[in-house]
Structure formats: C-alpha cells, structure tokens
Amino acid sequence: MSRPAHRRPEYHKINKDLFVLTYGALVAQLCKDYEKDEDVNQYLDKMGYGIGMRLVEDFLARSCVGRCHSYSEIIDIIAQVAFKMYLGITPSVTCNNSSRNEFSLILEKNPLVEFVEELPAGRSSLCYCNLLCGIIRGALEMVHLAADVTFLQDRLKGDSVTEIGITFLKKRDEKKYRRKK
C-alpha cells in the first residue's frame, strides 16, 4: 500500500534520553572492543566527523543563517544556534588569543553525560564525549574551514566545567570554491 501523495512525511524527533542512553551503550561497547583509550577516542572522533559532515546540510537548511565573516561569528552560530538546535543547550564562548582564531565553548551542562557519574575504572584518558569534537570538525570542514577541535576540560575528569577548544587552522581559499560567472 502506498502513501497518499498529499500527505507530508512525518519526522519524529528522537527522545533525548534515548539518545543519551544509546550513546552511553556505544561508548561502553567501544571500551570493551578497544584496550587503549586513544583508540576509543579516535573512533568517537571519526564517527563524529562523519556525522558532522552530514549534519551541516540539515543545520544550514533549518537554521537559515547567513554567511559569516569572521571566526567569532562562526563560533557564535555554533554555540547559540547549533548547540541549542541539536542538544538543547547554549554554551558560553571565550576567545583564547589575540589573533582571534582560538576559541572555547564552555558547557555548564553536557547532556551526553547526564546519566554518567564517572569514567570507567582504568579509563582516565578516555574523552567520553569526543564525538562532539568530531561533529564540530566535520561540519566546519564541509564549509571549507579547517579546525583543530579538542576537549580542554571535562567534568568527568574532575574539572568544574566541560570545555571544548576550537582552533581555526587556516581559512581555505574562497576563490577556489566560487562559481565563475
């Protein structure tokens, strides 16, 4: 039986709690599959990178943001629009250097660790939410911006906040990507 032509497809939002619990199960399984924390961190980053590459299209279509003219505008859009849209939080932003290419996103509340009290025993170098770094890096690369994205502080490691550091490496040559008229 086919769907009537006049009906619009229904998009169901995934329950945030279900996503957080599923993510926790994913990290737990990766910890069983890989002995080294670095391997788990790398896998989460790689997985996030793939998500970010695809997520940026959805973000640009749904958010209707205009073209950004500086790194600080980009970071503000990530913090105020993207994080709010997908995680329901708005991190604060700080600039870490005078050349204005290093920024920090400070998360007072991290929804991915809502049900996690501490890192597993013997996993002190695990970056539990490294998926977020990969997502940000993948999304930025899809809009032709190379960036290094890492966790600087993590509540699961005893810090007071969760802090994600973003360093823009260099802006890719825009002339390459412009259409010829």
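The text that follows walks through the structure, step by step, so that each part is easy to find. Note that this is a predicted model, so its numbers are computed, not measured. (Residues numbered from 1 in each chain as written. Predicted model: local features only at pLDDT ≥ 70, side-chain atom pairs only at ≥ 80, totals over all residues. Heavy atoms only, no water.)

**Quick look at the pattern of salt bridges**
Rules: Between Lys or Arg on one side and Asp or Glu on the other, a salt bridge is scored when a side-chain nitrogen of the former is within 4 Å of a carboxyl oxygen of the latter. In this text, helices come from DSSP runs of H or I with a minimum length of four residues, and strands from runs of E with a minimum of two, each type numbered from the N-terminal end. Using a 1.4 Å probe on the protein chains alone, a residue whose accessible area is under 20% of its type maximum counts as buried, one over 50% counts as exposed, and one in between counts as partly exposed.
Enumeration over the complete set of coordinates arrives at 4 salt bridges. Note that Arg-62 and Asp-58 form a salt bridge whose closest N and O atoms lie 3.2 Å from each other. Highlighted residues: Arg-62 and Asp-58, both in helix α2 (residues 37-63), separated by 4 residues, approximately one helical turn. Exposure remark for Arg-62: the relative accessible area of 46% places this residue in the partly exposed category.

**Quick notes on the side chain of Asn-110**
Cut-off, in case you're wondering: The contact rule is simple, with two residues in contact once any of their heavy atoms fall within 4.5 Å.
Summarising the element assignment, Asn-110 is placed in the loop between β2 (102-107) and α4 (130-142). Taking the relative accessible area as the measure of exposure, Asn-110 reaches 6% and is therefore buried. When sequence neighbours within four positions are dropped, the list of residues in contact with Asn-110 reads Cys-129, Leu-132 and Thr-162.

**With respect to α4**
The condition is simple: What a helix is expected to span follows from its residue count: subtract one and scale by 1.5 Å.
Its 13 residues give α4 an end-to-end C-alpha distance of 19 Å, which sits within 8% of 18 Å, the value for a rise of 1.5 Å per residue. Within α4, 12 of the 13 residues are buried, which leaves it mostly tucked inside the rest of the structure. Taken together, the buried positions of α4 are occupied by Asn-130, Leu-131, Leu-132, Cys-133, Gly-134, Ile-135, Ile-136, Arg-137, Gly-138, Ala-139, Leu-140 and Glu-141. Residue His-144 follows α4 closely and has a positive phi angle near 65°.

**What to know about the nonpolar core**
The nonpolar side chains of a soluble globular protein tend to be buried with one another. Here is the rule: Note on terminology: a nonpolar core comprises buried Ala, Val, Leu, Ile, Met, Phe, Trp, Tyr and Cys residues joined through side-chain atoms within 4.5 Å.
Ranked by internal contacts, the top residues of the largest apolar core, which has 37 residues, are Phe-83, Leu-105, Leu-140, Ile-164, Ile-166 and Phe-168. Mapped onto this core, the elements with two or more residues apiece are α1 (16-33), α2, α3 (71-87), β2, α4, β3 (145-153) and β4 (162-171). For this core, the element with the most residues is α3, which contributes 7 residues. In this structure, Phe-168 is in contact with Tyr-71, Ile-74, Ile-75, Asn-101, Phe-103, Leu-140, Leu-145, Ala-146 and Ala-147, ignoring residues within four places of it in sequence.

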